[in-house]
Amino acid sequence: MRKFIRARALLLALALVAPLALTACGGDDDEKATFVPAAATPTANAAPAEPLTVAVAPKSGAKDRPVSTEITAKVEGGGALSDVVLKAKGGGQVKGALRDDGSAWVPAKPLAYDTTYTATVTATAPDGRMATATSTFRTMGRPGNVIGSGLYLFDGNTYGVAMPVVVEFTPGIPEKDRAKVEKRMFVSTTPSQPGVWHWLPNGTQAYYRAPEYWKPGTTLDVRLALEGIPLSNGRYGNTDRTAKATIGSRLEMKVDNATKQMRVYEDGKLTKTFPVSLGKPKTPSSSGTMVIMEKKRETTFDTRTNPDPENRYVTDVEYAQRLTWGGEYIHAAPWSEGQQGNTNVSHGCVNLATRNAAWLYARTKIGDPITVEGTEVKLTHGNGWSAWNLSWEEFVKGSALPVD
């Protein structure tokens, strides 16, 4: 999620389900206690069942816990959490759910700052014995040093099949913290489709995508549960963000520099072919798979700050669709209609005749993919939402967590 004319004005609605496995909130927070199992009284001939030893985190009396705290319990012999009831002092019960792997219980919203909570934890041993433990702890006060974060996904919107879940961080997340942060970025899809997070090397963005484009009609339900999460640089997560969006119909654009033609496919069928003019040799267009990031019916390109005097201009354009942070767009260019289909004269954009640009603009969505082939330069990873410009094998290498 993250300037047009470098101002990322798409911003930021913030906010998968990343692999659901949580670390405990500090080993020294474990509350170890022995509890009589909640089982029937032994018969006269049966030996009494051994009591269970349960370690709960946070432990009773713990203070200054992050508001991102999750509840965990360890049971001797390999048992696990089966239920958690969390209540604020003087308040109501906190909603939440177990992670899919049962490793922790996650509150549905950040805990309140500087507040006392009591967790009643039920754990189950492999042989079915159960035990209940209670822990009372207090959260920290509101921190003053927080990160900035954003989510390029807006609640209720419809996106193209190549729309990645894009999260932005300012400053970037340190590499040592990325696994911890990734565990708190939840995405679910209906119908279910596998997905993985991928971090840019500087930690300023993370993308979530599936091995293939999303199925049309998919619902993306996203929560970035980052408020209060402590980082190694002394900062904390600034807020939780959520969004629920829909994937619309499948539209793809393919541009071949050799023929200088754009082919438009809707639901897999070729519906239009347009002549184009791409970037001239001094300012070539990028080859690679990009997605539409922003749409503007009318806008002004102002490059008067460009270090190259030849590339300084102010031009009003219509039907502009952003592809990169560096300023590559699809747009109407009536001044180059004579060159479209035969000569590249743009500053890196995909030029179309006005009538063709209008036809395309009326059908596209943010998140629709475009693949450009055969130009002098390749797309730089991170220059736009470049998640689909990597193979699946390359993409999963960018996850901070192990990927099956």
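Relevant structure appears above.
This one's a predicted model, so the numbers in the text were calculated from it and none came from an experiment. Numbers given for residues are sequential positions, taken from 1 along each chain in its written order. With the structure being a predicted model, the display of local features is reserved for residues of pLDDT at least 70 and the display and counting of side-chain atom pairs for 80 or more, all residues being used for whole-chain, interface and lining totals. To obtain the side-chain values, all non-hydrogen atoms of the structure were used and water was disregarded.

## A look at the side chain of Ser-346
Here comes step 1: Strands here mean DSSP runs of E at least two residues long; helices mean DSSP runs of H or I at least four residues long; both are numbered from the N terminus. With respect to the helices and strands, the residue Ser-346 is situated in the loop between strand E24 (329-332) and strand E25 (350-352).
Here comes step 2: The criterion used for residue contact is that any of the two residues' heavy atoms lie within 4.5 Å. What Ser-346 contacts, discounting residues up to four positions off in sequence, is Ser-277, Leu-278, Gly-279, Lys-280, Thr-283 and Asn-351.

## A short note on the pattern of salt bridges
Here comes step 1: The term salt bridge refers to a side-chain nitrogen of Lys or Arg lying within 4 Å of a carboxyl oxygen of Asp or Glu. Summed over the entire model, instances satisfying the criterion amount to 11 salt bridges.
Here comes step 2: In this structure, Glu-252 and Arg-250 form a salt bridge, with 2.7 Å as the shortest nitrogen-oxygen distance.
Here comes step 3: Each residue gets one of three labels from its accessible area relative to the maximum for its type: buried under 20%, exposed over 50%, partly exposed in between, using a 1.4 Å probe on protein chains only. A residue is classified by how much of its surface remains accessible, and Arg-250, at 29% relative accessible area, is partly exposed.
Here comes step 4: For Glu-337, the salt bridge goes to Arg-355, with nearest N and O atoms at 3.9 Å. Here Glu-337 is found in the loop between E24 and E25, whereas its partner Arg-355 is found in helix H2 (residues 354-361), with 18 residues between them in sequence.

## Brief notes about the sheet that holds E25
Here comes step 1: Strand order in the open sheet formed by four strands is E22-E23-E24-E25, and the pairing between neighbours is mixed. Every interior strand has two partners, whereas the edge strands, strand E22 (294-302) and E25, have only one. Put simply, the sheet's adjacent strands are angled 35 degrees from each other on average, direction ignored.
Here comes step 2: The pairing of E22 with strand E23 (residues 314-322) spans eight bridges and is classified as antiparallel. The residue bridging Lys-296 from the neighbouring strand is Ala-320, located in E23.
Here comes step 3: Note on definitions: angles span 0 to 180 degrees between N-to-C directions of axes, and those axes are lines fitted to C-alpha atoms, for helices only across the stretch in contact. Taken strand by strand, H2 contacts E22, E23, E24 and E25, and its axis lies near 40 degrees from that of E23. When DSSP finds two or more bridges between a pair of strands, those strands are recorded as paired.

## With respect to the nonpolar core
Nonpolar side chains in soluble globular proteins tend to end up buried together.
Here comes step 1: To define a nonpolar core, start from buried Ala, Val, Leu, Ile, Met, Phe, Trp, Tyr and Cys residues and group those joined through side-chain atoms within 4.5 Å. Grouped together as the largest cluster of nonpolar side chains are 43 residues, with contacts concentrated most on Phe-169, Val-181, Met-185, Trp-197 and Trp-385.
Here comes step 2: At the level of elements, strand E12 (165-170), strand E13 (185-190), strand E14 (196-199), strand E15 (205-209), strand E16 (219-225) and strand E17 (240-247) are the ones that each hand at least two residues to this core.
Here comes step 3: Considering every element that reaches this core, the biggest residue donor is E12, with four residues.
Here comes step 4: Listed in part, the 24 residues of the second largest apolar core include Val-54, Leu-81, Val-94 and Tyr-113.

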